[in-house]
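Spelled out, the chains give:
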Amino acid sequence: DGGITQSPKYLFRKEGQNVTLSCEQNLNHDAMYWYRQDPGQGLRLIYYSQIVNDFQKGDIAEGYSVSREKKESFPLTVTSAQKNPTAFYLCASSIGLTGGTDTQYFGPGTRLTVL
Amino acid sequence: KNEVEQSPQNLTAQEGEFITINCSYSVGISALHWLQQHPGGGIVSLFMLSSGKKKHGRLIATINIQEKHSSLHITASHPRDSAVYICAVRFGNDMRFGAGTRLTVKP
């Protein structure tokens, strides 16, 4: 089965701790994305990656970091510098960043709660 | 002002009703996407449009590029259509999302 997976589904962390969210895809997609979703707001882009070993900041990258060491994997670390990390995090992938014609495929999401 | 505005924010319908969800945007776009988010959070892409109209089963999506407006229609709505419907627009390498329309279809 081809798809995009995120783990864990629910994550709790104490204030001041870093936490890493996993995102894996077996669709052979070049581009991957991390979004944050808050109640009543549209998805906001945190980071995206067009190719292995390259990634770019999105609109709200402060307090987050990513890596893209393998095509299949794009983990997101929520650092203690992120002031309001409680949110629903969605990972997505697409064939490539070709300027607007790619469909993005989304993972099931991780709900992070900071206690 | 958000670049993508959806209306209504919430919509409740009776099973069988015809549903319309609207999306307006303020930037020049290369494509518009309609997404469906299930109660568990997973998102599925329904349509990608750059012009005209697309139909898939009971779902119809239209776009008017000149007016910067798109509509998603659901015919013969069913309780399983209950979800959040999200409009997203792509311009260059950027994508902007509406806040979503929460649809509840009652039996």
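Above this text sits the structure in question.
The sections below set out a description of the structure shown in this document. (Residues numbered from 1 in each chain as written. Chains lettered and ligands numbered in written order. Predicted model: local features only at pLDDT ≥ 70, side-chain atom pairs only at ≥ 80, totals over all residues. Heavy atoms only, no water.)

## Thoughts on the packing of aromatic side chains
- For the structure on display, the rule yields five aromatic pairs over all chains.
- Pairing Tyr35 of chain A with Phe97 of chain B gives two aromatic rings, centres 5.0 Å apart and planes at 80°, and the pair type is edge-to-face. Of the two residues, Tyr35 of chain A is situated in strand β4 (residues 31-37) and Phe97 of chain B in strand β10 (residues 94-97); the pairing between them involves two chains.
- Judged by its relative accessible area of 1%, Tyr35 of chain A is buried.
- The buried category is assigned to Phe97 of chain B, whose relative accessible area is 8%.
- Among the aromatic side chains, those forming a connected cluster through ring pairs are Tyr33, Tyr35 and Phe106 of chain A together with Phe97 of chain B.
- The side chain of Arg68 of chain A reaches across the aromatic face of Phe74 of chain A, ending 6.0 Å from its centre. (Phe/Tyr/Trp six-rings, centres within 6.5 Å; stacked < 30°, edge-to-face > 60°. Helix = DSSP H or I, 4+ residues; strand = E, 2+ residues; numbered from the N terminus. Buried < 20%, exposed > 50% of the residue type's maximum accessible area, 1.4 Å probe, protein only. Lys NZ or Arg CZ within 6 Å of the ring centre and 35° of its normal.)

## Section: the state of the cysteines
- For the structure shown, the criterion picks out two disulfides over all chains.
- Between the sulfur atoms of Cys23 of chain A and its disulfide partner Cys91 of chain A the distance amounts to 1.9 Å. Looking along the S-S bond of the Cys23 of chain A-Cys91 of chain A disulfide, the torsion reads about -75°, which is the left-handed sense. With Cys23 of chain A in strand β3 (residues 19-25) and Cys91 of chain A in strand β9 (residues 87-94), this pair connects stretches of sequence that are 68 residues apart. In terms of burial, Cys23 of chain A and Cys91 of chain A fall into one category: buried.
- Note that Cys23 of chain B is cross-linked by a disulfide to Cys87 of chain B, the S-S spacing being 1.9 Å. Every disulfide takes its handedness from the sign of the S-S torsion; for Cys23 of chain B and Cys87 of chain B that torsion is -65°, giving left-handed. With Cys23 of chain B in strand β3 (residues 19-25) and Cys87 of chain B in strand β9 (residues 83-91), this residue pair connects regions lying 64 residues apart in the sequence. One exposure class covers both Cys23 of chain B and Cys87 of chain B, and it is buried. (Disulfide = S-S within 2.5 Å.)

## Quick look at a nonpolar patch on the surface
- Taken together, the side chains of Tyr10, Phe12 and Leu115 of chain A make up a nonpolar region of the molecular surface, amounting to roughly 390 Å² of accessible area.
- Inspection of the secondary structure assignment puts Tyr10 of chain A in strand β2 (residues 10-13). (Patch = residues over 30% accessible without salt bridge, like charges linked within 9 Å, V, L, I, M, F, W, Y side chains within 5 Å. Areas by Shrake-Rupley, 256 points an atom, 1.4 Å probe, with all protein chains shown as cover. Salt bridge = Lys/Arg side-chain N within 4 Å of Asp/Glu carboxyl O.)

## Here's the deal with the pairing of strand β6 (residues 54-57) of chain A
- Judged from the three bridges that link them, strand β5 (residues 44-51) of chain A and β6 of chain A form a sheet pairing that is antiparallel. Across the sheet, Ile51 of chain A pairs through a bridge with Asp54 of chain A, a residue of β6 of chain A. (Pairing = 2+ DSSP bridges.)

## Some thoughts on the interface of chain B and chain A
- Listed per partner, the contact involves 20 residues of chain B and 21 residues of chain A.
- A combined buried area of about 1600 Å² lies between chain B and chain A, and 51% of that area is made up of carbon and sulfur atoms.
- Per-residue buried area on chain B facing chain A is highest for Ile43, Arg90 and Phe97 of chain B; these three make up 33% of the total on that side.
- Seen at the junction of chain B and chain A, the total is one salt bridge. (Contact = heavy atoms within 4.5 Å. Buried area = accessible area lost by both parts, 1.4 Å probe.)

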